[in-house]
Amino acid sequence: MKSPVPQNSTPAGVQPSREPYHLDESDETSAPAPIESAVIQSRYGRTPSRKKRDRRVLWGLGGIFVLVLGAWVLWTGLDGASTQIEARDIGHTIIDEHSVSVTFEVSLPVNRTASCAVQALNESYSVVGWKIIDLPPSTLYNRSFTEILRTTDLSNTGLIYQCWLT
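Computed from a predicted model, the values in this text were never measured in an experiment. (Residues numbered from 1 in each chain as written. Predicted model: local features only at pLDDT ≥ 70, side-chain atom pairs only at ≥ 80, totals over all residues. Heavy atoms only, no water.)

Draft legend 1. Quick look at unusual backbone geometry. Despite not being glycine, Asn 111 has its phi angle at roughly 60 degrees, a positive value. Counting through the fold element by element, Asn 111 comes out in the loop between strand 2 (99-107) and strand 3 (114-121). A positive phi angle is found at Tyr 125, which is not glycine, with a value near 60 degrees. Position of Tyr 125 among the secondary structure elements: in the loop between strand 3 and strand 4 (127-135). According to the relative accessible area criterion, Tyr 125 is exposed, its value standing at 69%. (Helix = DSSP H or I, 4+ residues; strand = E, 2+ residues; numbered from the N terminus. Buried < 20%, exposed > 50% of the residue type's maximum accessible area, 1.4 Å probe, protein only.)

Set out below in structure tokens:
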């Protein structure tokens, strides 16, 4: 059904305007800005005391983070003067069914004693021989050692397990 009023016409008694509609400046500024009351601010946690407390908490957490980071840097970075020991396998020789010869190199601080654990493994990587060796102090930083281990079974390999300062 067709509307009796044409779409482009204006109601009776109203003159059509030839200018586009513009808002007056007074119309734009007449709407009041929303004012938040103290009750609303308190309800949503936006009080001045809350802002101060949040700021203090953030500064406190930042300070704790800086302290922990500084302590970690001091503990790891400035502790470079600590003594370190390094050991590496040179080789092994299977002597017979119940013994193996293990050759290894140790780098440790001059005039310091150390101990090393040497082990022998079989084909299934089970420990079949184990010995702790005490290393005497020396004026050399790098030293090479050869030890013979007694084994409970035929060994497949012999190697250094770990070294530590004593």
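Draft legend 2. Highlighting the nonpolar core. In this structure, Phe 104, Val 106, Cys 116, Val 118 and Leu 135 are the most contacted members of the largest nonpolar core, which totals 16 residues. For this core, the secondary structure elements donating two or more residues are strand 2, strand 3, strand 4, strand 5 (142-150) and strand 6 (157-165). Leaving out residues up to four positions away in the same chain, Cys 116 has contacts with Phe 104, Val 106, Lys 131, Ile 132, Ile 133, Leu 135, Ile 160, Gln 162, Cys 163 and Trp 164. (Core = buried A, V, L, I, M, F, W, Y, C linked by side-chain atoms within 4.5 Å. Contact = heavy atoms within 4.5 Å.)

Draft legend 3. Highlighting the sheet that holds strand 6. The sheet built from three strands is open, its strands ordered 4-3-6 with antiparallel pairing. Each of the sheet's edge strands pairs with one partner strand only, and the pair in question is strand 4 and strand 6. The sheet shows a mean angle of 20 degrees between the axes of neighbouring strands, taken without regard to direction. As judged from the eight bridges shared by strand 3 and strand 4, these two strands associate in the antiparallel manner. Bridge pairing links Val 118 to Lys 131 in strand 4. (Pairing = 2+ DSSP bridges. Axes fitted to C-alpha atoms, helices over the stretch in contact; angles between N-to-C directions.)

Draft legend 4. Examining the state of the cysteines more closely. Enumeration over the complete set of coordinates arrives at one disulfide. Between the sulfur atoms of Cys 116 and its disulfide partner Cys 163 the distance amounts to 1.9 Å. Here the disulfide of Cys 116 and Cys 163 is right-handed, its torsion about the S-S bond being about 115 degrees. Taken together, the positions of Cys 116 in strand 3 and Cys 163 in strand 6 put the pair 47 residues apart, joining distant regions of the chain. Relative accessible area serves as the criterion here: at 0%, Cys 116 is assigned to the buried category. (Disulfide = S-S within 2.5 Å.)

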